[in-house]
Protein chains: 2
Amino acid sequence: MKRRDFLAAGSVALVGVMLAPQLLAATQEKPLQILALVFDDYETLDLHGPVEMLGHMKNVQIKLVGAKSIIRSYQGPRVVTDVSMEQVTPCDLFIVPGGLGTRSLVEDATLLSWLNAQAAVSNKVFSICTGSALLAKAGVLDGVSATTNKMAYQWVMSLSNKVHWQPSARWVDEGKFLTSSGVSAGTDAALFYVRQLRGDDEARRIERLTEYHWNDDSAKDPYAVEI
Amino acid sequence: MKRRDFLAAGSVALVGVMLAPQLLAATQEKPLQILALVFDDYETLDLHGPVEMLGHMKNVQIKLVGAKSIIRSYQGPRVVTDVSMEQVTPCDLFIVPGGLGTRSLVEDATLLSWLNAQAAVSNKVFSICTGSALLAKAGVLDGVSATTNKMAYQWVMSLSNKVHWQPSARWVDEGKFLTSSGVSAGTDAALFYVRQLRGDDEARRIERLTEYHWNDDSAKDPYAVEI
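Because the structure is a prediction, the values reported are computed rather than measured. (Residues numbered from 1 in each chain as written. Chains lettered and ligands numbered in written order. Predicted model: local features only at pLDDT ≥ 70, side-chain atom pairs only at ≥ 80, totals over all residues. Heavy atoms only, no water.)

1. Section: the relation of the copies chain A and chain B
And step 1. The two copies are related by a screw motion: chain A maps onto chain B through a turn of 180 degrees and a shift of 0.0 Å along the axis, at an RMSD of 0.0 Å. Viewed as a symmetry operation, the transformation between the two copies matches a two-fold axis. For chain A, the smallest separation between a C-alpha atom and the rotation axis is recorded for V79 of chain A, amounting to 2.1 Å.
And step 2. By residue overlap, the copies meet face to face through one surface: 100% of the interface positions of chain A are interface positions in chain B. (Least-squares fit on C-alpha atoms with pLDDT ≥ 70 in both. Contact = heavy atoms within 4.5 Å.)

Laid out in structure tokens, this is it:
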């Protein structure tokens, strides 16, 4: 058993002795629910960079959702999904990674329709790299300022002229939508989300714990596109 | 089918028409074989940072090896193993990530014995974070200069006094053994391995492709421990 699971289980047992069941629920703070989409040929770091940083917050649950039980990354290793795409799952943060797989998925009407419905029950939606291509094609980003992978910028822009695409931004936060630039930018944007939700001290604690060098300024984009 | 698989399959078909089978094998360069150990509570980025960078090299196969078919990371998401630990698997690069799971695994005699045998059939061994704790306890790093997670430095040092532990190094390369500092340092060390194997242009291509900011100097260690 993991240390934090063990501690959580211990608290439940202790509180359970003292409180009636209806009071028990109120004393246990609900974990932050994070759901991440996976599909064949997703880009490894688009998913696992944010998972690393977000997963070090206290009281958080990260689950993967996909169209089948086992999904293969572009780099080879496979992950197991926890939740089926047959329904939508209300959550605090919904993550949409990018990768080569998005090139065909932008034509997948079933996925785009599900994305629309899933975004509607998500408190915040966070795309990395060409994950924003899927959201844009689904119409989820209409009227929203957003960014994407700068190496695939022209392609993503061509998918929707209703999005206010930003050519120079490590990430763009516009209330419900947090969209990051390519691959590694997702890790920086994830720490931004930690800071937004839990404060700068918590983001810095995780930065140190992971011996990371956080580009904490969304305006500092070394891969900005010149238009 | 992935684009590179498709291209590879196309080449095989084309060459197959023209050459006898015994010549065919010689014309197909064997992919670089990378094997990565996984165990419950491995640290997500220790594995997936290097997988991201190494997986963008041409003609490479990355496989996961573990004691069971499904392995859960410390952050929650699960991966599927490709290779069983019932035997050893000769490979070009053997990756050993760290994480909370190493705290109990340093006492697992079966794993330590397997690690010793697996290291012997690996051309190079690459540990990230407290992955070096496992290698040190297995005796694999005896007489070798190595580093580890700087947040867990005292614990790892206490496991073996036969290793020449380096308190200030983003990574240490000593021929057969490449050991990196904590979590994110593995991504930087992976690009070092790309440069060592395939040249600086290839490492820079992957750095740009992933919009990464590579700390390419092993002597630049912002988390160095003062002894």
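2. Section: the nonpolar core
And step 1. Counting residues in each nonpolar core, the largest one holds 138 residues, and the members touching the most others are L37 and L115 of chain A together with L37 and L115 of chain B.
And step 2. In contact with L115 of chain B, not counting residues within four places along its chain, are L37, F94, V96, L134, L135, A138 and V140 of chain B. (Core = buried A, V, L, I, M, F, W, Y, C linked by side-chain atoms within 4.5 Å. Buried < 20%, exposed > 50% of the residue type's maximum accessible area, 1.4 Å probe, protein only.)

3. A closer look at the sheet that holds strand β1 (residues 32–37) of chain A
Residues and elements named next belong to chain A.
And step 1. Strand order in the open sheet formed by seven strands is β5-β2-β1-β6-β7-β11-β10, and the pairing between neighbours is mixed. Either end of the sheet is taken by a strand with one partner, and the two such strands are β5 (83–84) and β10 (171–174).
And step 2. Sheet analysis places strand β2 (residues 60–66) next to β5, joined by two bridges and oriented parallel. Each bridged residue has a counterpart across the sheet, and for G66 the counterpart in β5 is S84.
And step 3. This element, helix α3 (residues 44–54), spans β1, β2, β6 (91–96) and β7 (122–127) of the sheet and lies at about 160 degrees to β2.
And step 4. Set on the sheet, helix α8 (residues 185–198) makes contact with β1, β6, β7, β10 and β11 (177–180); between it and β11 the angle comes to about 150 degrees. (Pairing = 2+ DSSP bridges. Helix = DSSP H or I, 4+ residues; strand = E, 2+ residues; numbered from the N terminus. Axes fitted to C-alpha atoms, helices over the stretch in contact; angles between N-to-C directions.)

4. Quick look at the environment of L141 of chain B
Residues and elements named next belong to chain B.
And step 1. With respect to the helices, strands and loops of the structure, L141 is situated in the loop between α6 (131–137) and β8 (145–146).
And step 2. Counting along the chain gives 21 residues from L141 to K162, while the straight-line C-alpha distance between them is 7.6 Å.
And step 3. Residues contacting L141, with those up to four places away along its chain left out, are S132, L135, A136, A146, K162, V163, W165, F177 and T179.

5. Examining the interface of chain A and chain B
And step 1. Facing 42 residues of chain A, the contacting portion of chain B comprises 42 residues.
And step 2. Across the chain A-chain B interface, the total number found is two salt bridges.
And step 3. One salt bridge in this structure joins D82 of chain A and R78 of chain B, with 3.0 Å as the shortest N-O distance.
And step 4. On the surface where chain A and chain B come into contact, there are 26 residue pairs in polar contact (both at pLDDT 80 or more). (Salt bridge = Lys/Arg side-chain N within 4 Å of Asp/Glu carboxyl O. Polar contact = N/O pair within 3.5 Å; in protein donor to acceptor, adjacent residues only side chain to side chain.)

6. A closer look at the packing of α3 of chain A against α8 of chain A
Residue and element names in this part refer to chain A.
And step 1. Where α3 meets α8, the axes come as close as 8 Å, and the angle between the chain directions of the two elements is 30 degrees. Here α8 runs roughly parallel to α3, going by the angle between their axes. Crossing hand, α3 versus α8: right-handed. Seen from α3, the contacting residues are G49, P50, M53 and L54; seen from α8, they are G186, T187, A190, L191, Y193 and V194.
And step 2. Along the lines of polarity and charge, the residues of the contact of α3 with α8 split into seven nonpolar, three polar and no charged. (Parallel < 35°, antiparallel > 145°, perpendicular 65-115°, else oblique. Left-handed = near helix turned anticlockwise from the far one by under 90°. Nonpolar A, V, L, I, M, F, W, Y, C, P; charged D, E, K, R; others polar.)

7. Digging into the packing of helix α8 (residues 185–198) of chain B against helix α9 (residues 200–209) of chain B
Residues and elements named next belong to chain B.
And step 1. The N-to-C vectors of α8 and α9 enclose an angle of 145 degrees; their axes lie 7 Å apart at closest approach. Contact with α8, carried on its side by L191, V194, R195 and R198, involves D200, E202, A203, R204, I206 and E207 of α9 and no other residues of that element.
And step 2. Of the residues contributing to the contact of α8 with α9, the split by class is four nonpolar, no polar and six charged.

8. Re the environment of P90 of chain A
All names here are of chain A.
And step 1. With respect to the secondary-structure elements, P90 resides in the loop between β5 and β6.
And step 2. A relative accessible area of 57% means that P90 is categorised as exposed.
And step 3. Between the alpha carbons of P90 and A146 there is a distance of 23 Å; along the sequence they are 56 residues apart.

9. Quick notes on the sheet that holds strand β3 (residues 70–72) of chain B
And step 1. Taken in spatial order, the four strands of this open sheet run β3(A)-β4(A)-β4(B)-β3(B), and their pairing is antiparallel. Edge positions in the sheet fall to β3 (70–72) of chain A together with β3 of chain B, since each of these pairs with one other strand and no more. When the angles between neighbouring strand axes are averaged without regard to direction, this sheet yields 35 degrees.
And step 2. Bridge analysis of β3 of chain B against strand β4 (residues 78–80) of chain B gives three bridges, and the strand direction is antiparallel. Looking at the pairing, I70 of chain B lines up with V80 of chain B of β4 of chain B.

10. Concerning the UniProt feature "domain: DJ-1/PfpI" (unreviewed entry) in chain A
And step 1. As recorded in UniProt, the feature "domain: DJ-1/PfpI" (unreviewed entry) lies at residues 34–191 of chain A.
And step 2. Secondary structure content for residues 34–191 of chain A is 30% helix and 27% strand, while the C-alpha to C-alpha distance between its ends is 14 Å. (UniProt positions renumbered as here; feature names shortened; annotations may be inferred.)

11. Remarks on the confidence of the model for chain A
All names here are of chain A.
And step 1. Mean pLDDT over chain A works out to 90, with 88% of the residues at or above the 70 mark.
And step 2. Segment residues 1–19: pLDDT under 50, and 17 contacts once partners within four positions in sequence are set aside and those in other chains are kept.
And step 3. Taken over the whole predicted complex, pTM reads 0.88, whereas the ipTM for its chain interfaces reads 0.87. (pLDDT = per-residue confidence, 0-100.)

12. Things to note about the packing of aromatic side chains
And step 1. Here the structure, examined in full by the defined rule, presents four aromatic pairs over all chains.
And step 2. Between F94 of chain A and W114 of chain A, the ring centres sit 5.7 Å apart and the planes meet at 75 degrees, which makes this aromatic pair edge-to-face. Of this pair, F94 of chain A sits in strand β6 while W114 of chain A sits in helix α5 (residues 109–120), and the two are 20 residues apart along the sequence. Both residues of the pair, F94 of chain A and W114 of chain A, belong to the buried class.
And step 3. With a centroid separation of 5.4 Å and 40 degrees between ring planes, the pair formed by W171 of chain B and F192 of chain B is classed as tilted. Note that W171 of chain B is positioned in strand β10 (residues 171–174) and F192 of chain B in helix α8, a separation of 21 residues in sequence.
And step 4. The cationic tip of R103 of chain A hangs over the ring face of W155 of chain A; the distance from NZ or CZ to the ring centre is 4.0 Å. (Phe/Tyr/Trp six-rings, centres within 6.5 Å; stacked < 30°, edge-to-face > 60°. Lys NZ or Arg CZ within 6 Å of the ring centre and 35° of its normal.)

13. Quick word on the pairing of β7 of chain A
Residue and element names in this part refer to chain A.
And step 1. Within β7, five of the six residues are buried, which leaves the element mostly enclosed by the surrounding structure.
And step 2. Two elements, β6 and β7, share five bridges in a ladder whose sense is parallel. Its bridge partner lying in β7, C91 is registered against S122.
And step 3. Inspection of the sheet shows β7 paired to β11 by three bridges, in the parallel sense. When the sheet's bridge partners are listed, F126 is paired in β11 with L178.

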